[in-house]
Amino acid sequence: MRQRSTRHERRLRLVKSCRVMAAALLAVTVLVYPYPAHAEAVSWMEGVEDWDGDGHQDLIASRAIEPEVQVYPGIGTRGWSYKLPATIAWGWLRNMIVSAVGDWDGDGHQDLVVRYGDEFYLYPGDGKTAMTPPVKINDGGVGYSLRALADWDRDGFQDLVVQNVKSWDVYMIPGNGKRAHSAPGWVLIGTGLQDHNLQDVADWDHDGHQDLLLWQDGTEILWLYPGESVRGLSGQKPAKLSDGWNWRYGRWLCGVADWDGDGHQDLIAADVQTRDVEYPDVWLYPGESRRGPSTQEPVRIFSGVTC
């Protein structure tokens with residue numbers, strides 16, 4: 001699976017080089033670019049949610065060289081966010097990976113779902129930090145990549161959405177809204193997806209149903225697979241959203257959220273061509289709730305975060 005191996009190799013390279021390059025690159029950033037540098041070393045975006053409850057979407061990212069998780073506050077506009085990041089979790093083990101962000105327990109605060117080995121743990125958030133003792137919510141992650149939290153079946157509870165790293169099939173693991181092990185049973189919600197990497201889950205077309213957004217390896221096309229809020233396969237036809245999605249040549253999708261508060265889901269992407277691999281810019285690609293390409297122009301919103 002090219003996406004997984006590429007990302008792992010990039011992380012190893014970044015961790016080795018960031019400590020040496022951070023001071024120099026930060027100085028260059030300040031001199032060359034008039035907007036503020038938001039990170040002294042690159043961070044890996046893990047989700048886009050309203051972490052602090054101020055009504056604006058935020059970026060949640062893990063540091064590349066430190067065991068920390070940070071929130072990059074948004075301001076609800078199609079423009080550069082002037083707010084500096086804040087640390088919301090620290091002291092992580094090196095092999096603990098933040099895999100998804102969402103309000104798993106339904107208490108109104110966003111939570112972190114962390115992968116440790118082949119188990120998924122919930123770190124409940126309180127709108128400021130996520131340092132409450134973790135709770136295991138699933139232990140069946142062997143051979144699967146957790147891609148998102150979403151209420152796929154519209155029963156009021158967040159579900160885990162995972163993809164098999166060999167078959168490319170996508171499954172939902174029903175949630176129960178509790179700080180406890182998720183409900184039993186896995187449900188197949190996407191199949192026939194060879195070389196399609198699941199990027200995120202969101203109601204892209206604004207029809208009330210969660211959808212799958214997948215990047216196709218080889219063609220570099222971003223596809224929409226509309227959902228129907230059922231515990232099973234959808235009968236809707238996929239739709240092409242855009243092409244040219246490849247980190248080697250430019251942009252890489254990091255998350256989906258209504259960033260600018262206009263009622264339409266947007267694409268949040270790292271664009272490595274505008275700066276460099278270590279310090280990519282983060283761009284907003286505004287959506288229009290259409291099952292097709294958007295006509296809106298992209299806008300730069302952050303720097304120093306990739307995915």
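See the structure above.
Analysis parameters
- Residues numbered from 1 in each chain as written.
- Predicted model: local features only at pLDDT ≥ 70, side-chain atom pairs only at ≥ 80, totals over all residues.
- Heavy atoms only, no water.
- Pairing = 2+ DSSP bridges.
- Helix = DSSP H or I, 4+ residues; strand = E, 2+ residues; numbered from the N terminus.
- Axes fitted to C-alpha atoms, helices over the stretch in contact; angles between N-to-C directions.
- Buried < 20%, exposed > 50% of the residue type's maximum accessible area, 1.4 Å probe, protein only.
- Salt bridge = Lys/Arg side-chain N within 4 Å of Asp/Glu carboxyl O.
- Polar contact = N/O pair within 3.5 Å; in protein donor to acceptor, adjacent residues only side chain to side chain.
- Contact = heavy atoms within 4.5 Å.
- Core = buried A, V, L, I, M, F, W, Y, C linked by side-chain atoms within 4.5 Å.
- Phe/Tyr/Trp six-rings, centres within 6.5 Å; stacked < 30°, edge-to-face > 60°.
- Lys NZ or Arg CZ within 6 Å of the ring centre and 35° of its normal.

S.K.: Looking at this structure, I do not really get the sheet that holds strand S17 (residues 251–257). What am I missing?
M.R.: Neighbouring strands of a sheet are bound in pairs by backbone hydrogen bonds; such pairs are parallel or else antiparallel. Strands sit in the order S17-S18-S19-S20 across an open sheet of four strands; the sheet is antiparallel. Both outer strands of the open sheet, S17 and strand S20 (299–303), are each paired with one neighbouring strand and no more. Within the sheet, the average angular offset between the axes of one strand and its neighbour, ignoring direction, is 30°. Pairing between strand S18 (residues 266–271) and strand S19 (residues 281–285): five bridges, direction antiparallel. Residue pairing across strands places alanine 269 opposite tryptophan 283, the latter belonging to S19.

S.K.: How should I be thinking about the environment of threonine 295 in this particular structure?
M.R.: Within the fold, threonine 295 resides in the loop between S19 and S20. Under the relative-accessibility criterion, threonine 295 is labelled exposed at 59%. Placed 10 residues apart in sequence, threonine 295 and tyrosine 285 show a C-alpha to C-alpha distance of 9.6 Å.

S.K.: Explanation requested: the pattern of salt bridges in the structure shown.
M.R.: Think of it this way: side chains of opposite charge can pair up when their charged atoms draw near. Summed over the entire model, instances satisfying the criterion amount to 16 salt bridges. Ionic pairing is found between aspartate 107 and arginine 179, a salt bridge with its closest N-O pair at 3.2 Å. Remark: arginine 179 occurs in the loop between strand S11 (170–173) and strand S12 (187–190) and aspartate 107 occurs in the loop between strand S5 (96–102) and strand S6 (111–116); sequence separation between them is 72 residues. A salt bridge links arginine 290 to glutamate 288; its shortest N-O distance comes to 3.8 Å. By relative accessible area, which is 39% here, arginine 290 ends up partly exposed.

S.K.: How do you make sense of the side chain of aspartate 260 when you look at a structure like this?
M.R.: Along the chain, aspartate 260 falls in the loop between S17 and S18. A polar side-chain atom of aspartate 260 sits 2.5 Å from a polar atom in the side chain of arginine 78. Apart from the residues within four sequence positions on either side, aspartate 260 is in contact with Gly76, Thr77, Arg78, Asp266, Leu284 and Pro286.

S.K.: How should the nonpolar core be read in this particular structure?
M.R.: Generally speaking, soluble globular proteins have nonpolar side chains that are buried together. If you look at the biggest cluster of nonpolar residues, it comprises 31 residues, and the most contacted ones within it are Met45, Leu59, Trp245, Trp259, Leu267, Ile268 and Val282. Taken together, the elements giving at least two residues each to this core come down to strand S1 (43–49), strand S2 (58–63), strand S14 (211–216), strand S15 (221–225), S17, S18, S19 and S20. No other element matches the five residues that S17 contributes to this core. Setting aside its immediate chain neighbours within four residues, valine 282 contacts Met45, Leu59, Ile268, Ala269, Val299, Arg300, Ile301, Phe302, Ser303 and Val305. In terms of nonpolar packing, the next biggest core, distinct from the first, is built from 17 residues, Trp152, Leu198, Leu212 and Trp223 among them.

S.K.: What am I meant to see in the sheet that holds strand S7 (residues 119–123) here?
M.R.: Taken together, the four strands give an open sheet; going across it, the order is S5-S6-S7-S8, and neighbouring strands pair in antiparallel fashion. Strand pairing shows two members of the sheet lacking a second neighbour, S5 and strand S8 (135–138), which therefore form its edges. Across the sheet, the axes of successive neighbouring strands diverge by a mean angle of 35°, strand direction being ignored. Of the strand pairs in this sheet, S7 and S8 are connected by three bridges, and their pairing is antiparallel. Following the sheet pairing, tyrosine 121 is matched in S8 by lysine 136.

S.K.: Please explain the packing of aromatic side chains as it appears in this structure.
M.R.: What describes a pair of aromatic rings is the distance from one ring centre to the other and the angle between the planes of the rings. Counting across every chain of the model gives eight aromatic pairs. Plain terms: the ring middles of tryptophan 259 and phenylalanine 302 are 6.1 Å apart, the flat faces sit at 80° to each other, and that makes the pair edge-to-face. Taken together, the residues tryptophan 259 in the loop between S17 and S18 and phenylalanine 302 in strand S20 connect sequence positions 43 residues apart. This pair shows no difference in class: tryptophan 259 is buried, exactly as phenylalanine 302 is. Of the aromatic side chains, those joined through ring pairs into one cluster are Tyr72, Trp80, Trp259 and Phe302. When the ring centre of tryptophan 245 is taken as origin, the NZ or CZ atom of arginine 251, which lies over that ring, is 4.3 Å away.

S.K.: Mind showing me how you'd approach the pairing of strand S10 (residues 159–164) here?
M.R.: Each regular strand shows side chains that alternate between the opposite faces of the sheet. Among the six residues of S10, six are classified as buried, and the element is accordingly described as predominantly covered. What you see with S10 is no split at all: Asp159, Val161 and Gln163 on one side and Leu160, Val162 and Asn164 on the other are buried throughout. The pairing of strand S9 (residues 144–150) with S10 spans six bridges and is antiparallel. Bridging across to S10, leucine 146 finds its partner in valine 162. By the bridge criterion, four bridges tie S10 to S11 in an arrangement that is antiparallel. Each bridged residue has a counterpart across the sheet, and for valine 161 the counterpart in S11 is methionine 172. The hairpin turn running from S10 into S11, its antiparallel successor, is five residues long, and tryptophan 168 in that turn takes a positive phi close to 70°.

Honestly, it's all geometry; don't read function into it.
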